[in-house]
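# Geometric and topological summary
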Amino acid sequence: MARPVIAIVGRPNVGKSTIFNRIVGDRLAIVEDKPGVTRDRLYGTGEWNGIAFNIVDTGGIEIDGEDEIMKSVRMQAELAIEEADVIIFMADAKAGLTHSDEEVGQMLFRSRKPIVLAINKVDNAGRMDEVYEFYGLGFGEPIAISGSHGMGIGDLLDAAVSKLPEIEDVEYEDDVIRVALIGRPNVGKSSLVNALLGEERVIVSNVAGTTRDAIDTPFERDGQKYVLIDTAGMRKRGKVYESTEKYSVMRAMKAIERADVALILINGEEGIIEQDKHIAGYAHEAGKASIFVVNKWDVVEKDEKTMQAFSQTIRDHFLFMSYAPIVYLSALTKSRLHKLLPVVNHVSEQHALRIQTHLLNDIVGDAVAYNPPPTDKGKRLKINYVTQVATKPPTIVIFVNEPEMMHFSYERYLENKIRAAFNFEGTPLRLFTRRKS
Ligand code: GDP
Ligand code: GDP
């Protein structure tokens, strides 16, 4: 379900990314183990007092031109005001209260969003005095923190989490496939929404998706119900603002979380860029079924090898998502559009697939007999049994004698064997190794 968003806003060098990393730190280590998953994080997840949230460090928005720092901080603040549920406004005790802190403070104040004021670099109690001047910003008691020492971060999270709203989400019946269209600006998301709906007369109505302005459009085709979770229809601002990667990534994240199937749009005319990888990586990490949709295929000059070559490029760029099928189409001319929904149905089924324990154990047993698990200092990893514990995404637990002996490469081998037997096309698989002798 949709998790609330906490954004960190503040001038460059106050310590935003230091604090961001402290909050999401442990979690990243897990996902970054996987080859091909990008390391340049914009967005992370955290949990505090049992409440899960997304957190974004809005820093690093680059703008050219004069007064660029102030402009970029203003942009961060706008982004946070629009997208976040709680804003951590960070300043620097060493630098003291600056004019730009005051200016951004005023913007944030006017927004009426819940704000937590954090004063970083309070590395020792002697600096507490320096915190008081920040009272003047009007956000109540500043929370003194030190990113270097990891101090005050618990207090900061207490304050931020206590201000998070309850997020209401629309519930859909289990037989409805929730589809998110994601991709960078101009890739053709709105056009694809229109193309899909244009062919379809049975549009029920638009549903205001969440308390946060997502537009859900339900429709039905050939007896299957869908709801399109539209990020494209939500834009309010100009292209410059929108093309900042953080903006589109935040939007994409929100849609991905609420979806079963992510359509990752790629611009067939321009090819793949880094931003596509970030967006695809989030769908993967969120455990959603995914399809690469190569749009604008009408304008690509092609011969009989073009599609295969493009598919190879996608495979090379998205090593960690070799399970995702690729569909080529044109949202504009609607050519090949009819191919899309059958693939959506298929990956959605695979995402919800549940394999019986005895079938799984037969396959894993054969895989182990063919290629035995690693040994270490005379000890051998022993796989006792395997069972699927969840769907969406399919999640499989491998019970073994010594979990720390399970290597990534062996897990990958088992995953490949499981996929070879049961397919699971379009969906990530989650494998966990647990001790049970
Ligand atoms: P950002 O630009 O706001 O993301 O700031 P960074 O996280 O990159 O930090 C800027 C600089 O401040 C780095 O050199 C950090 O090591 C330093 N820094 C971060 N937190 C603290 C702190 O609590 N105390 C001190 N003394 N330095 C810090
Ligand atoms: P969004 O920002 O991802 O929602 O992209 P839009 O749907 O607004 O499309 C951006 C531009 O690409 C518009 O000018 C569309 O007409 C154009 N476009 C979208 N799909 C196609 C397509 O399949 N072929 C061509 N040639 N242009 C397209």
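My aim in this report is to walk through the structure given alongside it, one point at a time. (Residues numbered from 1 in each chain as written. Chains lettered and ligands numbered in written order. Predicted model: local features only at pLDDT ≥ 70, side-chain atom pairs only at ≥ 80, totals over all residues.)

Here the focus is the overall build of the protein. For the protein, the count of helices and strands is 13 helices and 18 strands. Across the 437 residues that make up the protein, the buried fraction comes to 39%. In the protein, 73% of the contacts between residues at least 6 apart in sequence involve partners at least 24 apart. (Helix = DSSP H or I, 4+ residues; strand = E, 2+ residues; numbered from the N terminus. Buried ≥ 20, exposed ≤ 12 C-beta atoms within 10 Å, placed from the backbone. Contact = placed C-beta atoms within 7 Å.)

Let us now look at the pairing of strand β16 (residues 383-390). In this structure, β16 lies alongside strand β17 (residues 395-400), joined through 6 bridges in antiparallel fashion. Among the inter-strand pairings, I383 is bridged to a residue of β17, identified as V400. Two successive antiparallel strands, β16 and β17, enclose a turn made up of 4 residues, where K392 displays a positive phi of approximately 50 degrees. (Pairing = 2+ DSSP bridges.)

Counting residues in hydrophobic clusters, the biggest one holds 97 residues, and the most contacted among them are I182, L263, I264, I291 and V293. Leave out the neighbours within four places in its chain, and I264 touches I182, G183, I279, A280, A283, S290, I291, F292 and V293. Counting 11 residues, the second largest nonpolar core, distinct from the first, contains I383, V386, I398 and V400. (Core = buried A, V, L, I, M, F, W, Y, C linked by C-beta atoms within 7 Å.)

Not every one of the 16 residues close to ligand 2 is listed here, only the nearest: G188, K189, S190, S191 and L332. Take the shell around ligand 2: its biggest share by element is 3 residues, from helix α6 (residues 189-198). (Near = placed C-beta within 6 Å.)

The next thing to look at is unusual backbone geometry. Here the residue pair K392 and P393 is connected by a cis peptide bond, since its omega of 0 degrees sits within 30 degrees of zero. With respect to the element layout, P393 can be found in the loop between β16 and β17. For R112, which is not glycine, the phi dihedral falls at a positive 65 degrees. Within the element layout of this structure, R112 appears in the loop between α3 (99-111) and β5 (115-120). The exposure class of R112 is exposed, given the 8 C-beta atoms found within 10 Å.

Around ligand 1 there are 15 residues in total, and G15, K16, S17, T18 and G147 lie nearest to it. Here the shell around ligand 1 gets 3 residues from one element, more than from any other, and that element is helix α1 (residues 16-31). Partitioned by chemical class, the residues of the shell around ligand 1 number 2 nonpolar, 10 polar and 3 charged. (Nonpolar A, V, L, I, M, F, W, Y, C, P; charged D, E, K, R; others polar.)

By the secondary structure assignment, T375 is in strand β14 (residues 375-376). Judged by the 10 C-beta atoms lying within 10 Å of it, T375 falls in the exposed class. Distance from T375 to S100, taken between C-alpha atoms, is 59 Å for residues 275 residues apart in sequence.

On to helix α11 (residues 340-351), then. With 12 residues, α11 should cover 16 Å at 1.5 Å per step; its first-to-last C-alpha distance of 17 Å lies within 8% of that length. Within the span of α11, buried status applies to L340, V343, V344, V347, S348, Q350 and H351. Taken around the axis of α11, the buried residues stretch over an arc of 160 degrees, which confines them to a single face. Contacts made by the buried residues of α11 are with β7 (176-182), β11 (261-267), β12 (289-295) and β13 (326-328). (Expected span 1.5 Å × (residues − 1). Arc of directions from axis to C-beta.)

It is worth spelling out the sheet that holds strand β1 (residues 5-10) at this point. The 6 strands are arranged β2-β3-β1-β4-β5-β6 in an open sheet whose pairing can be described as mixed. One side of each edge strand has no neighbouring strand; the edge strands of this open sheet are β2 (43-48) and β6 (143-144). Pairing analysis gives 5 bridges linking β1 to strand β4 (residues 86-92), with the strands arranged parallel. Paired with A7 across the two strands is I87, which belongs to β4. Along the sheet, α3 makes contact with β1, β4 and β5, crossing β4 at roughly 170 degrees. Contacts from helix α5 (residues 153-162) reach β1, β2, β3 (51-57), β4, β5 and β6 within the one sheet, and its direction differs from that of β5 by about 165 degrees. (Axes fitted to C-alpha atoms, helices over the stretch in contact; angles between N-to-C directions.)

Here the focus is the sheet that holds β17. Taking strand neighbours across the sheet as the criterion, the 3 strands line up as β16-β17-β18 in an open arrangement whose pairing is mixed. Of all strands in the sheet, those bounded by a partner on one side alone are β16 and β18 (430-435). With direction set aside, neighbouring strand axes in the sheet form an average angle of 25 degrees. Of the strand pairs in this sheet, β17 and β18 are connected by 6 bridges, and their pairing is parallel. Of the residues in β18, the one forming a bridge with T395 is R430.

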